[in-house]
Structure formats: structure tokens, C-alpha cells
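Working through the structure, step by step
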Amino acid sequence: MAATQQIASMLGRRGRLALDDVLAALVVDGYLAADDAKQLRVGHHAGRSSVELNPLVIIANAKLINRREPGRPLSLEGLTEWLAGQAGLPYLKIDPMKINVAAVTQVVSHAYAQRHRILPVAVSSGEVTFATAEPFDHTWSKDLAQMLRRDVHRVVCSPIDINRYLQEFYGVQRSIQLAKDAKNQSGYDSSTLLNFEQLLELGKAGEVGADDRHVVHIVDWLLQYAFEQRASDIHLEPRREAGNMRFRIDGVMHKVFELPPPVMTAVTSRIKILSRMDVAEKRRPQDGRIKTRATSGREVELRISSMPTAFGEKMVMRIFDPDIVAKDFSQLGFSTPEDTMWRNMVERPHGIVLVTGPTGSGKTTTLYSTLKHLATPDINVCTVEDPIEMVSPEFNQMQVQPSIDLDFAAGVRTLLRQDPDIIMVGEIRDLETAQMAVQASLTGHLVLSTLHTNDAPSAVTRLLDLGVPHYLIQSTLTGVVAQRLVRTLCPHCKLETQQDPHEWTVLTHGWSMPVPERVFKPVGCLECRHTGFLGRTGIYEMMPLSARLRGMISAQLDLIQFSQAALVEGLRPLRISAADQVARGLTTVQEVLNVVPPVEHVEDSPS
């Protein structure tokens with residue numbers, strides 16, 4: 001205790017942190033060697049620049065050896081946490097998605113916050129919480145408590161985060177306010193949003209502000225923010241009082257921000273301009289796409305969809321990050337036997353391979369990753385898609401355009417004249433497309449496509465329902481893979497636990513799989529936004545068509561018998577593939593049961 005008080009008095013004697021004091025305190029606390037501290041002190045004073053950096057940033061940038069944890073340099077977050085402990089204040093890693101930006105930016109002005117290097121992070125009727133990187137400088141807190149007539153609490157945060165979010169929060173809020181003011185001056189009248197018929201007439205007032213620099217700033221911030229947060233979709237949802245901005249992250253929706261109706265209208269118009277939609281058309285759904293390039297050079301594509309609603313146009317932007325959409329085989333989540341099975345199916349010279357599952361189950365990622373693996377210089381890979389999910393230089397891609405009668409079937413017919421080796425059809429939706437896929441397979445091409453079915457055996461009955469003759473399915477279908485995505489446990493905070501035998505029995509119903517000795521449960525930390533999960537992985541149900549299964553395909557196929565035969569031939573249901581992921585410590589039984597189809601009596605163990 002005495003040592004802690006000595007360090008605290010050392011750090012706090014000047015009010016503001018000084019490099020010499022912080023280095024001395026780190027030496028006393030055993031984190032730094034005296035020689036390292038001296039070397040950094042001398043080097044800093046010799047090369048001091050006009051830019052005043054926080055001492056923690058200077059020390060973190062030096063990457064000095066951590067005497068307490070050899071092998072790990074003193075990171076900025078680690079130093080900030082240490083400083084919070086010395087000051088006796090809570091440490092906070094700022095999660096911008098947990099902060100009500102509109103509310104906190106109303107507490108103090110940007111100029112005041114910047115002068116004292118503080119950031120409001122939480123506000124209620126009785127108290128306000130401020131983040132600071134100068135915990136021993138608290139003169140401002142007494143003044144604020146009197147001015148605001150609320151209790152003022154302090155937490156310690158990284159100085160880099162405070163500087164960044166000071167600019168972002170106040171900058172975006174200022175842009176929103178200025179855009180709102182501009183809209184109001186242009187005659188925007190919220191009373192016109194009384195019913196749907198009047199809503200459709202709003203376009204006549206013109207799109208004032210769509211190219212306004214404040215609106216441009218808001219949209220630019222929105223896209224960068226979504227990329228940083230690993231969002232797969234951005235939802236802009238207009239409402240009467242305030243529009244919602246939500247992100248889908250790892251399959252779960254998170255509310256991020258609220259925008260006033262006039263600003264939501266301007267932001268929507270800006271996005272429509274960028275995606276080359278008809279800005280004046282507000283009554284019909286539209287589709288578009290945007291390609292972005294970050295300052296780092298990283299390119300990300302977005303697919304835009306608009307839909308008229310009672311309070312304006314709802315926009316959904318699906319993000320196609322090349323790092324996510326096309327992965328290496330090893331990142332798809334295949335087990336070793338599944339990897340071998342999948343390669344055997346897709347590395348054949350001809351045949352049809354189908355990937356099935358609901359929307360958002362990762363079918364596109366599986367197909368793109370496979371095509372990238374197959375697309376060597378001596379192979380011609382052609383695709384017909386609706387729409388092109390991600391433009392890739394390795395393929396020849398064509399987009400379906402119903403307005404000029406270019407559908408999937410016409411696209412495949414065209415591709416057959418393009419000397420292809422591999423054809424990817426975005427989706428088999430009708431008999432004509434299915435017939436063209438069969439024709440392509442019969443003439444010596446490998447065809448990859450998707451279907452919407454719950455499991456692998458159902459894909460055969462789906463083709464029969466479309467009207468494909470059973471003998472053509474027998475001779476062309478190579479295999480079917482059903483898949484889902486499950487959230488993976490955060491590696492930073494997952495905790496080892498005992499598996500509930502009852503839950504395991506529910507998951508592995510009918511299969512004799514021993515309860516794993518070592519499983520993990522979600523906890524929640526800053527890295528995973530306190531959800532306990534970080535990222536997703538695939539689970540797969542693979543059904544290569546053996547000779548016996550081919551022989552069972554008939555016009556009056558009995559799906560139950562066919563499914564049981566597939567199990568005997570080695571098919572492992574989705575939930576059993578997922579049970580392996582649980583046993584490997586990647587996910588939980590509860591997460592799997594939320595995703596996989598319910599257990600049916602046909603899924604009995606082949607043993």
C-alpha cells in the first residue's frame with residue numbers, strides 16, 4: 001500500500017503527467033529497467049518536437065521490455081490500465097457502439113472537452129462519466145459538477161482513443177446538426193409524414209443537402225465505422241421521430257446511432273447517388289453497388305438495396321470485404337475429412353456440386369473461396385450471378401439482368417459458348433436454369449451452384465420438384481453440401497467449463513459421441529464487445545453421391561429412406577459436424593442449437 005501511495009504521489013505531483021515522473025514510477029513498480037528508462041528520457045529530451053505527446057504514448061511507442069512480463073512490450077492499453085490502478089479509478093476501453101453520441105456531445109462543448117482532454121462517455125439525469133488520460137488533473141471535474149449540477153465520475157482511457165473519439169463524436173454530431181439545419185432551412189416539413197401516400201410526394205421538394213459536405217462526412221464516417229466494427233450489413237431505417245442506424249455483426253443486429261429524419265433523408269440520397277440509383281424514384285425498390293477504397297488502399301464493395309416504407313426509404317448495405325468473402329480453404333472451418341470430401345467433389349472435370357442453406361449461411365463465401373482455389377492460369381472459370389457479389393480478377397463474371405431477358409438460364413447458355421472449364425451459377429431457381437446446369441455438366445463442365453434447402457438430401461427432391469428428370473440427376477449430380485454459420489467463442493475471454501450431459505445428448509441425439517472432457521463458455525470482454533463471441537465459422541453436412549444413392553434416385557423418391565441411406569453411406573448431419581466444433585472448443589452447444597435445424601427421426605445413427 002505504501003509503495004502504491006508513493007507511486008501515486010510521484011505521478012500526481014505536477015497535476016499533468018510528465019514523462020520523467022511516469023518513467024520513475026514504472027521503474028519503482030518493477031515494469032522498467034532503470035537503464036531503459038534513462039535511455040528513453042535522454043533520447044526524448046534530445047529529439048523533442050513541437051507536438052506534445054502523452055507520456056504513455058511515448059513509452060508505448062518505444063516498445064521497451066516489460067520486466068514483469070518478459071516477451072511482451074509495454075503496450076498503450078497495458079500502461080493505461082496500470083495508470084488507472086495507480087490513480088484508484090476504473091479503467092475503460094472505449095466501445096463507440098455502447099455510447100449515445102447524441103447525448104454525450106450535448107454535455108460539454110468540443111472546445112472545453114479538447115482543452116481539458118476529456119471525453120464524455122455516459123450521461124444520465126443525475127451523473128455524467130468522463131474519460132481522461134490525465135487522472136491526477138481533476139480541477140475541471142469540480143467546476144463541471146457545479147455547472148452541470150450532476151455528479152461527475154471519471155474513468156481512465158487511452159489518450160489515443162480519447163483524441164480519436166473527440167474528433168469523431170463531435171465531428172459527426174456537428175455534421176448531423178448542420179445537415180439538419182440546412183434541411184430545415186430548405187423547407188423540410190416533418191408533418192408531411194402522416195401517411196404513406198404523402199410520403200411518396202417528398203421527392204418533389206428536391207434533394208437539398210445530398211451533396212452537402214456535412215452529409216458527405218456522415219456517410220464517409222458511417223462506412224469506415226462499419227468496416228472497423230466487422231459489420232456484414234448496415235441498416236438505415238427511417239422512423240417518425242428519429243431514424244435508426246444498425247449494424248449486423250457476427251449475425252446479430254446492434255443499434256449504433258440515431259439520425260433526425262431530415263438527415264436520414266439526406267444520407268439516403270447521398271448513398272443512392274454513390275450507388276448510381278435513381279435519386280428521384282422513392283416508390284420502387286432499387287439495387288446498386290458502391291466500391292470503396294480506404295486510405296490504406298484496402299478495397300471493399302457494398303451491395304445496396306432500397307425499399308419504400310411508411311416513413312421513407314429503408315436502405316440495407318451488404319458489405320463484401322474481400323478478406324471475408326473469399327477465404328483460404330483452411331479458414332472455412334472444414335474438418336480434415338470434410339476438406340478431403342469437398343476437394344474430391346470440386347476437383348473433378350465435370351458434374352454438378354450444390355451448396356445449400358438459408359440466406360446468410362455462408363454459401364457465397366464457400367463458393368468464392370473454392371473458385372479462387374480452382375482458378376489457375378490454365379482453367380477458365382465463368383460465373384453468372386444475381387448480383388455479382390464480389391468482382392474478382394480471376395473469374396469471368398456476368399450479372400443477371402431481367403430487364404433485358406438475361407436470366408440465369410440465358411447466362412449459362414451464353415457461358416457454354418465461352419469455352420469454360422468451370423461454371424458457377426449463382427442460384428438454381430427454376431427448371432430452365434436447372435436444365436442448363438445439367439446440360440453444361442453433360443457436355444463436360446464442372447458446375448457449382450446454390451439451392452435453398454434445409455439439408456443435403458432435400459436438394460435431390462428440390463431438383464425433382466423443379467422438374468429435372470431423375471435419370472439426369474443420377475448422371476450429373478456429384479454431391480451436395482448443406483451449411484450454416486455459428487458464432488465462434490472469443491479467444492481472449494472464453495473460459496473452460498464442464499459440458500452439461502443433457503445438452504450434449506440433445507445435440508447428438510441418436511449418435512454415440514462421448515461428452516467432451518474440455519469445453520468452453522462465453523464470458524465477454526472488450527475485444528468481443530462483451531458478447532463472448534468473435535467471428536463465425538462454418539458447419540457442414542457433406543453428401544457425395546455414392547453408387548447406392550444414385551440408384552435410389554427416382555421420380556417418386558422417398559426422402560426419409562434416401563436420408564437414412566445417406567447416413568449409412570457416411571453422411572454426418574449438421575449438428576454432428578457442429579458437435580466436433582464444440583469439442584474443439586470453438587463454439588457452444590447452445591449456439592449450435594440456435595442455428596441447426598431441429599432433430600428429426602430420420603437422423604438416427606447409422607450404427
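Residue numbers restart at each chain and count upward from 1, following the sequence in its written direction. Local features are withheld for residues below a pLDDT of 70 in this predicted model, meaning they are given only at 70 or higher, and side-chain atom pairs are given and counted only at 80 or more; totals for whole chains, interfaces and linings count all residues. Side-chain numbers come from the whole structure's heavy atoms, not from hydrogens or water.

1. Focus: the overall build of the chain
Let me state the cut-off plainly: Under the DSSP-based scheme used, a helix requires at least four consecutive residues in state H or I and a strand at least two consecutive residues in state E, with every element numbered from the N terminus. Under the scheme applied here, a residue whose accessible area is under 20% of the maximum for its type counts as buried, over 50% as exposed, and between as partly exposed, the area being computed with a 1.4 Å probe on protein chains only. By the convention used here, residues are in contact when the closest approach between their heavy atoms is within 4.5 Å. Each accessible area is a Shrake-Rupley estimate made with a 1.4 Å probe; only the visible protein chains count as cover when residues are assessed.
What the chain contains, in helices and strands, is 24 helices and 18 strands. Relative to its full complement of 607 residues, the chain shows a buried share of 51%. Taking all contacts inside the chain whose residues are at least 6 apart in sequence as the whole, residues at least 24 apart take part in 66%. Total accessible area on the chain stands at roughly 28,500 Å², and carbon and sulfur atoms take up 50% of it.

2. Thoughts on the packing of aromatic side chains
Just so we agree on the cut-off: What counts as a ring pair is set by centres within 6.5 Å for rings of Phe, Tyr and Trp (its six-membered ring), and what kind of pair is set by the plane angle: stacked under 30 degrees, edge-to-face over 60, tilted for all other angles.
Going through the model one piece at a time under the given rule, you end up with nine aromatic pairs. For the ring pair Phe130 and Trp140, a centre distance of 5.5 Å and an interplane angle of 70° mean the geometry is edge-to-face. With Phe130 in strand E2 (residues 127–132) and Trp140 in helix H8 (residues 139–148), this pair connects stretches of sequence that are ten residues apart. Neither residue differs from the other here; Phe130 and Trp140 are each classed as buried. Ring centres of Tyr225 and Phe247 lie 5.6 Å apart, and the angle between their planes is 70°; on these two criteria the pair is classed as edge-to-face.

3. Describing the sheet that holds E2
Definition in use: Two strands form a pair only when DSSP identifies at least two bridges running between them. Note on method: axes are straight lines fitted to C-alpha atoms, helices fitted across the in-contact stretch only, with angles between N-to-C directions ranging 0 to 180 degrees.
Pairing within the open sheet is mixed, and its three strands lie in the order E1-E2-E3. On the outer flanks of this sheet lie strand E1 (118–123) and strand E3 (151–156), each paired with one strand and no other. Taking each pair of neighbouring strands and ignoring which way they run, the sheet shows an average axis angle of 30°. Where E1 meets E2, five bridges bridge the pair, whose relative direction is antiparallel. Bridge assignment links Leu119 to a residue of E2, and that residue is Ala131.

4. Focus: the sheet that holds strand E10 (residues 351–356)
The strand order E12-E11-E13-E14-E10-E15-E18 describes an open sheet built from seven strands, whose pairing is mixed. Lying at the two open borders of the sheet, with one neighbouring strand each, are strand E12 (396–399) and strand E18 (533–544). Neighbouring strand axes in the sheet, compared pairwise and without regard to direction, differ in orientation by 20° on average. Across four bridges, the pairing between strand E13 (residues 422–425) and strand E14 (residues 446–451) is parallel. The partner of Val425 across the bridge, within E14, is Ser449.

5. Considering the side chain of Gln397
Just so we agree on the cut-off: Under the rule applied, a polar contact is a pair of N or O atoms within 3.5 Å (in protein, one hydrogen donor and one hydrogen acceptor; residues adjacent in sequence only if both atoms are side-chain atoms).
With respect to the element layout, Gln397 can be found in strand E12. Of note is the side chain of Gln397, whose polar atom sits 3.2 Å from the side chain of Glu385. Within the structure, Gln397 has its side chain in polar contact with the backbone nitrogen of Ser392 (distance 2.8 Å). Here Gln397 is in contact with Tyr368, Thr383, Glu385, Ile388, Met390, Val391 and Ser392, once residues within four sequence places are set aside.

6. Observations concerning the layout of surface pockets
Condition: Of the grid points, spaced at 1 Å and generated over the protein atoms alone, those admitting a 1.4 Å probe that cannot get out make up cavities, while open sets with protein on both sides within 12 Å along at least five of seven lines make up pockets; any residue with an atom within 4 Å of a point is treated as lining. Grid points are joined across faces, edges and corners, and a volume is the space filled by probe spheres set on the points. In this classification, Asp, Glu, Lys and Arg are treated as charged, Ala, Val, Leu, Ile, Met, Phe, Trp, Tyr, Cys and Pro as nonpolar, and every other residue, Gly included, as polar.
For the second largest pocket, the calculated volume is near 510 Å³. If you go around the second largest pocket, you meet 19 residues; those closest to its centre are Lys93, Ile94, Asp95, Leu526 and Glu527. Counting residues per element, the lining of the second largest pocket draws most heavily on helix H9 (residues 159–185), at three residues. Classifying every residue of the lining of the second largest pocket gives seven nonpolar, two polar and ten charged.

7. Quick look at the nonpolar core
As a rule of thumb, soluble globular proteins bury nonpolar side chains together. To keep things clear, this is the line we draw: Note on terminology: a nonpolar core comprises buried Ala, Val, Leu, Ile, Met, Phe, Trp, Tyr and Cys residues joined through side-chain atoms within 4.5 Å.
Ile234, Leu236, Phe247 and Ile271 are the most contacted members of the largest nonpolar core, which has 60 residues in total. Examining the composition of this core, we find that nine residues originate from one element, helix H11 (residues 213–228), more than from any other. Beyond its immediate stretch of four places on either side in the chain, Ile271 contacts Val219, Leu222, Leu236, Ile290, Ile304, Met315 and Met317. Grouped together as the second largest cluster of nonpolar side chains are 58 residues, Leu354, Ile423, Leu466 and Leu477 included.

8. What to know about the pattern of salt bridges
Keep this limit in mind: Take a side-chain nitrogen of Lys or Arg and a carboxyl oxygen of Asp or Glu: if they are within 4 Å of each other, that pair is a salt bridge.
The final tally for this structure, using the stated rule, is 27 salt bridges. For Asp233, the salt bridge goes to Arg318, with nearest N and O atoms at 3.0 Å. With Asp233 in strand E4 (residues 233–237) and Arg318 in strand E9 (residues 312–320), the pair connects residues that are 85 residues apart, well separated along the chain. Arg318 sits in the partly exposed class, given a relative accessible area of 27%. Between Arg413 and Glu432 there is a salt bridge, with the nearest N and O atoms lying 3.1 Å from each other. Of this pair, Arg413 sits in helix H16 (residues 408–415) while Glu432 sits in helix H17 (residues 431–442); the two residues are 19 residues apart in sequence, bridging distant segments of the chain. According to the relative accessible area criterion, Arg413 is partly exposed, its value standing at 32%. What makes Glu432 partly exposed here is its relative accessible area of 37%. Members of the salt-bridge network, linked through shared partners, are Glu77, Lys93 and Asp161.

9. Considerations on the confidence of the model for the chain
Operational definition: On a scale of 0 to 100, pLDDT captures the predictor's confidence in every residue.
Of all residues in the chain, 88% attain a pLDDT of 70 or more, and the chain-wide mean is 83. Here helix H10 (residues 196–199) stands out as the least confident element of the chain, with mean pLDDT 29; E10 is the most confident, with 95. Considering only residues more than four positions removed or in separate chains, one finds that residues 188–210, a stretch of pLDDT under 50, has 37 contacts.

10. Details of the UniProt feature "domain: Bacterial type II secretion system protein E" (unreviewed entry) in the chain
Filter applied, for reference: UniProt positions are given in the numbering used here, feature names are shortened, and annotations may be inferred rather than shown by experiment.
On the UniProt side, "domain: Bacterial type II secretion system protein E" (unreviewed entry) is annotated at positions that read residues 416–430 here. Taken end to end, residues 416–430 is 0% helix and 27% strand, and its two terminal C-alpha atoms sit 18 Å from one another.

11. Some details on the packing of helix H2 (residues 19–28) against helix H4 (residues 55–62)
To characterise two packed helices, one gives the angle between the axes of the helices and the distance between these axes. The following threshold applies: Oblique is the label for any angle not covered by the other classes, which are roughly parallel (under 35 degrees), roughly antiparallel (over 145) and roughly perpendicular (65 to 115). For any pair of crossing helices, the crossing counts as left-handed if the nearer helix is rotated counterclockwise from the farther one by less than a right angle, and right-handed if it is rotated clockwise.
Two elements in contact, H2 and H4, have axes separated by 9 Å at closest approach and are oriented at 60°. One element, H2, and the other, H4, form an angle in the oblique class. At the point where H2 passes H4, the crossing takes the right-handed sense. Residue-level inspection shows Leu19, Val22, Leu23 and Leu26 of H2 in contact with H4, the latter providing Pro55, Leu56, Ile58 and Ile59. Partitioned by chemical class, the residues of the contact of H2 with H4 number eight nonpolar, no polar and no charged.

12. Some details on the packing of H16 against H17
At a minimum axis separation of 8 Å, H16 and H17 run at an interaxial angle of 20°. Classed by the angle they form, the pair H16 and H17 counts as roughly parallel. H17 is crossed by H16, and the crossing has left-handed handedness. Packed against H16, whose contacting residues are Phe408, Ala409, Val412 and Arg413, the element H17 presents Glu432, Thr433, Met436, Ala437 and Ala440 at the interface. Looking at side-chain class alone, the contact of H16 with H17 contains six nonpolar, one polar and two charged residues.

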